[in-house]
Amino acid sequence: MGLKQLLLSGLLLSVIEPLCAAISIGSLPDSSMVPGGVAVVPTGTEANSGSYRDERILLADFDGEQYAIIGIPLNASIGTHQFALELADGRRELLQFSIEDKEYVEQHITITNERQVNPNADDMVRINRESAEMNRAFTSWDDSQTPVFGMRAPVQGVRSSSFGLKRFFNGQPRNPHSGMDIAADEGTPIYAPAPGVILTTGNYFFNGNTIILDHGHGLISLYCHMNTIDVVAGTVVDTGDQIGKVGQTGRVTGPHLHWSINLNNTRVDPALFLVD
């Protein structure tokens, strides 16, 4: 099943079925109320659904209490933020949490392929098409899966580039680093860090060979620069199943895995989910 079919299936389910209340989970991610972090906020009620910055948020029951688990964008302003809850009786309730400042360091990278820094017109057509495809995948919402927040590292290696770095390519400022880079020899196996369904795979201009893995309820992970992709869209995987091998495809300076975590269509720090 391809990305289009999976997304259409999810859309039909959301139309046919009512919004689900919170799911029961075995653990919570680390709460880090900073740009690029995760807000874990007790709701004090039993809401059916919630939203933050026009994106649906994950509600979960843990140890007898309901929590809103919210991804915070890297560009979020410091201070008080609101999110909305839709209650079972139809009422709408607003709750707040406070974001503190966090200073991310700079990283300067030299790219020998100039087109990977300043793409030409034909490259931009491809880049825009691929960006739209990936953005559609990141908005997927699968109610049938229970997300697991305690994840294993997807590959054994050196964590060479941290989330949130302010990046400069050949001296030119670019978007902050939206994931965790793990350096490893080419061909090193890559494993699913938690259960999920392969949402889509592809070869992209910047990301190279790529997998997008849906863990349910808006929790989605991304794997880039792979040598080989060992799964297809629609494959159900468990923690520890091999999904591919480390490579150096796309915009890279050497073999590594770029791994990112998306929560309510927001890139957040993968380190908050690691248990090893």
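Residues numbered from 1 in each chain as written. Predicted model: local features only at pLDDT ≥ 70, side-chain atom pairs only at ≥ 80, totals over all residues. Heavy atoms only, no water.

## A word on the packing of aromatic side chains
Ring pairs (aromatic) are described by centroid distance and by the angle formed between their planes. Keep this limit in mind: Stacked, edge-to-face and tilted are the three classes for Phe, Tyr and Trp ring pairs, Trp counted by its six-membered ring, which pair at centre distances within 6.5 Å; planes under 30 degrees apart are stacked, over 60 edge-to-face, the rest tilted. The secondary structure listing takes helices from DSSP runs of H or I that are at least 4 residues long and strands from runs of E that are at least 2 residues long, numbered from the N terminus.
Scanning all chains against the criterion turns up 4 aromatic pairs. Measuring from ring centre to ring centre gives 6.1 Å for Phe 83 and Phe 97, while their planes differ by 45°; the resulting arrangement is tilted. Here the residue Phe 83 occupies a position in strand β7 (residues 79-87), and Phe 97 occupies one in strand β8 (residues 92-99), the gap between them amounting to 14 residues.

## Here we look at the sheet that holds strand β4 (residues 55-56)
The line we're drawing: Note on pairing: two strands pair once DSSP finds at least 2 bridges between them.
The antiparallel open sheet is built from 4 strands, whose spatial order is β4-β3-β7-β8. Each edge of the sheet is formed by a strand with only one pairing partner; in this case those strands are β4 and β8. Alignment of strand β3 (residues 47-52) against β7, held across 4 bridges, turns out to be antiparallel. By the bridge assignment for β7, Ser 51 is matched with Ala 84.

## Section: the sheet that holds strand β6 (residues 65-71)
Judged by pairing direction, the sheet is mixed, and its 4 strands sit side by side in the order β1-β5-β6-β2 without closing on themselves. Only two strands of the sheet have a single neighbouring strand rather than two, namely β1 (23-24) and β2 (38-42). Here β2 runs beside β6; their pairing, made up of 5 bridges, is antiparallel. The residue of β6 that forms the bridge with Ala 39 is Ile 70.

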